[in-house]
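Architecture and fold: a report
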Amino acid sequence: MTTKFIRIFMLIFLAAAASFPQFASAMAEVTSFSQSTGTVAYQGNAVPGYVNFELKTSEPTRGYILAVGNGIQTKINLSTMDYKTTHKVDWVPWDDTKKTPLPAGEYQLKAYLTDQGYNQMQGYPLGKLTVVAEANPKPLIDKVSINPAVFAPKYGGASTVLIPFNLNRPAEVQLSIWQNGAEVFAGSKMKLLPGSHTVSWNGTDKSGRMVQDGTYEIHFKYIETAYNYPATTQSAQKAGTITIKDGEYNIPLWRMKEVITDAVFTSETISPDGDGVNDTVTGQFTLAEPAKVSVYIANAAGAHMKNVVTEQSFQAGTHTFAWDGTDFMGGKAVNGNYYIKVMVIEGTSAGYISFTDSVRFEGGYEFKALQPEKRVRVIAETAKLSVYPMDQGYTAVKGDTFPLMTETIENGKYQVLVKEGVSGTINVSDVELVVEAAPPAVPNTAEYTVVSGDTLWKIAAKFNTTISEIVTLNNLDPNKYLYVGQKLKVPATVSPEPAAQLVIHTVQSGDTLWKIAQKYGTTIDAIVKANNLDPAMYLYIGQKLTIPSSTSTTPEPPAVQPVIHTVVSGDTLWKISVKYGTTIDAIVKANNLDPAKYLYIGQKLTIPS
């Protein structure tokens with residue numbers, strides 16, 4: 001190689017070196033190193049469960065600390081991408097290769113760093129760390145308390161349940177609420193340091209709607225952030241339960257009444273037979289403010305027959321709809337009374353309100369009870385029924401009775417007449433049979449046709465008889481409304497009742513017609529007639545009632561030995577009163593009975609003479 005060539009090569013080399021000024025720069029130095037503990041355990045309890053390292057360098061660096069001991073070496077990553085002069089890291093004693101806790105023993109800590117000039121620091125000694133075995137590991141989360149344990153979230157309210165907890169190691173934590181194996185709510189993910197923290201829940205689900213009453217599980221989902229590798233899969237820990245009671249899953253009724261003030265049908269009947277008369281019915285509803293609503297035609301059990309308005313937004317005012325007498329599937333409805341049921345939708349919440357105005361469907365199929373009537377009584381605290389149409393849900397409570405439509409049991413269920421025009425099925429295990437014999441034919445009756453404005457009280461007064469006698473003659477449910485054109489049997493001749501002396505009673509809390517009649521020694525019918533009452537309506541506190549006191553001046557008859565009657569199958573108060581020549585009211589009074597309840601076989605009754 002010539003001298004000239006060597007000179008040219010040296011000039012090229014020097015020029016290249018000049019273009020890379022960092023090539024010859026000095027390696028950054030470690031200026032300080034600290035660790036929060038010299039002894040650590042995996043999920044430690046007696047000793048810390050993690051250690052915090054802080055390492056500072058004179059120039060920005062990146063790299064890792066290597067823990068070496070017991071024939072094992074594992075990395076503790078500081079910064080693998082960004083160059084920093086201060087490195088802080090939390091670390092649990094974890095074998096990053098085997099993905100298992102680091103065995104107990106002493107480990108030397110050495111730094112492996114690279115600066116921005118690509119200079120490398122290899123095995124710089126930092127100190128040592130002792131790892132011990134933990135016989136009683138500490139969970140990530142403990143000291144959880146739930147306040148309150150029973151919670152009632154309310155519509156429009158801002159109340160929450162607070163859940164304080166303690167975090168023993170650094171982690172990303174998320175509150176999770178579960179019921180029946182499904183997550184109903186998930187809170188925000190939060191990266192937290194060890195110590196005391198609090199999360200809260202306002203009783204809503206993932207969509208923001210209030211949850212239904214029931215018991216819910218509180219879980220914490222988490223990822224421990226002190227591991228040496230980036231975890232993405234959450235673990236979970238159940239922390240306890242909370243009970244939602246008296247919450248407002250649906251928009252409450254008071255709010256519904258603020259939004260929708262009224263809903264009525266514009267005619268009394270619908271008979272879609274194609275004759276052009278009453279083939280459809282029109283209804284209307286009135287909104288006090290703009291709202292989104294759905295309108296349903298519902299039967300007497302509240303089950304939806306037809307959706308006539310679907311989630312439409314309306315301005316304040318009165319709006320109309322029409323029903324053609326069909327159900328959801330396009331089939332004809334069953335004979336009976338139908339009502340307007342409106343759903344109001346506000347954001348993720350909704351609520352229903354039903355109205356008393358009804359339209360009567362005529363000319364279709366009828367659901368009929370067995371004759372003579374046989375009933376079943378609910379013996380469970382609550383019983384779920386599947387009702388017409390489309391097996392919608394209906395809840396009965398203990399003591400409710402229903403007429404059988406057939407004595408055949410299918411799939412462990414009875415078919416019953418739930419309401420007029422509504423059939424349903426109920427589990428045999430939820431009921432007991434109650435057999436009521438049909439009342440004997442009563443001579444000297446006349447037929448009466450119900451007209452607009454009639455009530456049982458008005459008809460009884462008109463024919464100088466009692467409500468109970470009309471109910472018995474016609475096998476009526478006194479809580480149901482009469483309808484125009486209904487045919488009723490009434491006594492042809494009844495002697496007028498003697499004039500009664502009058503007193504005034506002011507209704508108190510807990511009063512009923514039965515209690516007031518007993519107090520004054522009169523009858524429910526006499527009080528109803530004297531005050532022109534509708535017996536299906538509730539009394540109100542402070543109401544003034546005129547009490548006929550026809551027995552106050554009548555001398556008491558001499559004492560006689562009472563007769564005891566034992567109830568047998570088929571007995572009713574009416575049959576027993578006829579047998580002994582007395583009245584239903586007298587038997588009720590003598591035995592302090594509730595006349596609305598059924599007798600039971602073997603019951604002992606005192607029969608007044």
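Quantities reported herein were computed from a predicted structural model and do not represent experimental measurements.

Scoring rules and cut-offs
- Residues numbered from 1 in each chain as written.
- Predicted model: local features only at pLDDT ≥ 70, side-chain atom pairs only at ≥ 80, totals over all residues.
- Heavy atoms only, no water.
- Helix = DSSP H or I, 4+ residues; strand = E, 2+ residues; numbered from the N terminus.
- Contact = heavy atoms within 4.5 Å.
- Areas by Shrake-Rupley, 256 points an atom, 1.4 Å probe, with all protein chains shown as cover.
- Axes fitted to C-alpha atoms, helices over the stretch in contact; angles between N-to-C directions.
- Parallel < 35°, antiparallel > 145°, perpendicular 65-115°, else oblique.
- Nonpolar A, V, L, I, M, F, W, Y, C, P; charged D, E, K, R; others polar.
- Patch = residues over 30% accessible without salt bridge, like charges linked within 9 Å, V, L, I, M, F, W, Y side chains within 5 Å.
- Salt bridge = Lys/Arg side-chain N within 4 Å of Asp/Glu carboxyl O.
- Pairing = 2+ DSSP bridges.
- Buried < 20%, exposed > 50% of the residue type's maximum accessible area, 1.4 Å probe, protein only.
- Polar contact = N/O pair within 3.5 Å; in protein donor to acceptor, adjacent residues only side chain to side chain.

Turning to the overall build of the protein chain, a few remarks are in order. The helix and strand inventory of the protein chain stands at eight helices and 38 strands. A sequence separation of at least 24 residues applies to 63% of the contacts in the protein chain between residues at least 6 apart. Carbon and sulfur atoms provide 53% of the accessible area of the protein chain, an area that totals close to 33100 Å².

Contact pair helix 5 (residues 513-520) / helix 6 (residues 524-531): the axes reach a minimum separation of 8 Å and the direction vectors enclose 105°. Viewed along their axes, helix 5 and helix 6 adopt a mutual orientation that is roughly perpendicular. Listed contacts from helix 6 to Leu513, Trp514, Ile516 and Ala517 of helix 5 are Ile524, Ile527 and Val528. Residue composition of the contact of helix 5 with helix 6, grouped by class: seven nonpolar, no polar and no charged.

So, about a nonpolar patch on the surface. A cluster of nonpolar residues, Phe328, Met329 and Met390, forms a patch on the protein surface that exposes about 360 Å² of accessible area. Position of phenylalanine 328 relative to the elements: it lies in the loop between strand 23 (317-323) and strand 24 (336-346).

Following the criterion strictly, the structure yields 16 salt bridges and no others. For lysine 88, the salt bridge is made with glutamate 54, and the minimal N-O distance between the two is 3.4 Å. Here lysine 88, found in strand 4 (residues 72-91), pairs with glutamate 54, found in strand 3 (residues 51-69); they are 34 residues apart in sequence, far enough to count as distant. A salt bridge links arginine 255 to glutamate 346; the shortest N-O distance between them is 2.8 Å. Taken as a pair, arginine 255 in helix 2 (residues 253-259) and glutamate 346 in strand 24 lie far apart in primary sequence, 91 residues in all. The network of salt bridges with common partners includes Arg255, Glu258, Glu289 and Glu346.

A separate point is the sheet that holds strand 27 (residues 382-387). Taken together, four strands build an open sheet; the order of strands is 28-27-31-30 and the sheet is antiparallel. Every other strand in the sheet has two partners, leaving strand 28 (392-397) and strand 30 (413-419) as the edge strands with one partner each. Averaged over all neighbouring strand pairs, the angle between strand axes comes to 40°, with direction disregarded. As paired strands, strand 27 and strand 28 are joined by six bridges and run antiparallel to one another. If you follow alanine 383 over to strand 28, its bridge partner there is alanine 396.

What follows deals with the side chain of arginine 377. Along the polypeptide, arginine 377 turns up in strand 26 (residues 374-378). Judged by its relative accessible area of 16%, arginine 377 falls in the buried class. A polar atom in the side chain of arginine 377 sits 2.6 Å from the side chain of glutamate 432. Aside from chain neighbours lying at most four places away, what touches arginine 377 is Gly399, Asp400, Thr401, Asp430, Val431, Glu432, Val434, Tyr598 and Leu599.

The next point concerns the pairing of strand 16 (residues 214-224). The side chains of a regular strand alternate between the sheet's two faces. The buried count for strand 16 comes to nine of 11 residues, which makes it a mostly enclosed element. Of the pairings in the sheet, the one linking strand 12 (residues 171-179) to strand 16 comprises eight bridges and is antiparallel in character. By the bridge assignment, valine 173 is partnered in strand 16 with tyrosine 222. Bridging between strand 16 and strand 17 (residues 235-244) involves nine bridges; their strand directions are antiparallel. Paired with histidine 219 across the bridge in strand 17 is lysine 238.

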